[in-house]
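# Tertiary structure, described
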Amino acid sequence: MSDSKGPPSIKIGCECALLTADGTQCNVTEQEFTKDSRVSFHSFNWNGISADELETFFPNGNLTFRFKMWKCSGEINNDGYCTGRTHIGVEKKSSIWSIRNFSTLGEGNEVTYKINSTLNDKSIVTLKFFVTGEDEPLQIKFISSDSEVDSRYYSIKLSVLDSNGEAVTSDEVIVLFDYFVKESECSLTLTKKEIMRKKSQYLRDDVLSLLYEFNFSDGLVYGEIENTNYVLQCF
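Residues numbered from 1 in each chain as written. Predicted model: local features only at pLDDT ≥ 70, side-chain atom pairs only at ≥ 80, totals over all residues. Heavy atoms only, no water.

## Quick notes on the packing of aromatic side chains
Applying the stated rule across the entire model yields four aromatic pairs. Considering the side-chain rings of Trp-97 and Tyr-113, the 5.3 Å spacing of their centres and the 40° angle between planes classify their relative orientation as tilted. Taken together, the residues span a long stretch of sequence, with Trp-97 in strand β4 (residues 78-99) and Tyr-113 in strand β5 (residues 110-116) at a distance of 16 residues. The class of Tyr-113 is partly exposed, set by a relative accessible area of 21%. When the ring of Tyr-113 is compared with that of Tyr-212, the centres are 5.5 Å apart and the planes differ by 65°; the resulting orientation is edge-to-face. Pair noted here: Tyr-113 is in strand β5 and Tyr-212 is in strand β12 (residues 207-232), with a separation of 99 residues, a long-range link. (Phe/Tyr/Trp six-rings, centres within 6.5 Å; stacked < 30°, edge-to-face > 60°. Helix = DSSP H or I, 4+ residues; strand = E, 2+ residues; numbered from the N terminus. Buried < 20%, exposed > 50% of the residue type's maximum accessible area, 1.4 Å probe, protein only.)

What follows is the structure in structure tokens.
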């Protein structure tokens, strides 16, 4: 904190665990904190867990962390723990995204789509659809449009529709943006060549239709410390 009267930096050990219904996944690291510094979710490696695998850590729709921190040097005068709970509101949106002139879409071309919040009509995230080759999976880039929010959770399901409006393939992605990470990419199941080979099935008037079902966090409902306990260490 900028108003701290302590030293300009201090080395702190951290253990952050994502708790699942049947176990934990831990990461231990040392961080050197300076005044006005930040540590984000992406500062931890999570032992190989990527953001798009986080859905396994949502038992009953809840994401639970266990976080420990300690001094790496000097004496520790007391030891303690606290528990807290944060409820985050979630907004849901769905619509059909039409990729026009799909057959002429080549490398270097992008189709942009902005998703706005229903609450204030502000842009939340920008989607960019592009191809990297005829035989390569179709690509979607997610770009955070909200510079006022330090962190935001996104879950999006993208379904390719056939000419009758029925979902043929679906891909689901979870994205976590924070103060440091503002972009992410994902690959869809189909390639451009596969779609062009069956264009009578996928394309109507050279339009590829994607159904998106989008969930994103829209701020804290409430957050509070539920319990605090300190134990004095006697020497």
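## A short note on the nonpolar core
Within soluble globular proteins, side chains that are nonpolar generally end up buried alongside one another. Within the largest apolar cluster, 32 residues are counted, with the highest numbers of intra-cluster contacts made by Trp-97, Ile-99, Val-125, Phe-129, Phe-142 and Leu-208. Listed by contribution, the elements that provide at least two residues to this core are β4, β5, β6 (123-130), β7 (137-144), β8 (152-161), β9 (167-177), β10 (183-191) and β12. When residues in this core are grouped by element, the largest group, five residues, is from β12. (Core = buried A, V, L, I, M, F, W, Y, C linked by side-chain atoms within 4.5 Å.)

## As for the side chain of Ser-144
Mapped onto the elements of the fold, Ser-144 is located in strand β7. Judged by relative accessible area, which is 17%, Ser-144 ranks as buried. Setting aside residues up to four positions removed in sequence, Ser-144 forms contacts with Ile-124, Val-125, Tyr-154, Phe-177 and Lys-182. (Contact = heavy atoms within 4.5 Å.)

## So, the pattern of salt bridges
Pairs may arise between side chains of opposite charge once their charged atoms sit close together. Tallied over the entire structure, the rule returns four salt bridges. Between Glu-110 and Lys-128 there is a salt bridge, and its shortest N-O distance comes to 3.7 Å. In this pair, Glu-110 is assigned in strand β5 and Lys-128 in strand β6, connecting sequence segments 18 residues apart. Note on Lys-128: relative accessible area 23%, which makes it partly exposed. Here Glu-185 makes a salt bridge to Lys-141, at a shortest N to O gap of 3.8 Å. Placement of the pair is Glu-185 in strand β10 and Lys-141 in strand β7, with a sequence separation of 44 residues. Under the relative-accessibility criterion, Glu-185 is labelled partly exposed at 48%. (Salt bridge = Lys/Arg side-chain N within 4 Å of Asp/Glu carboxyl O.)

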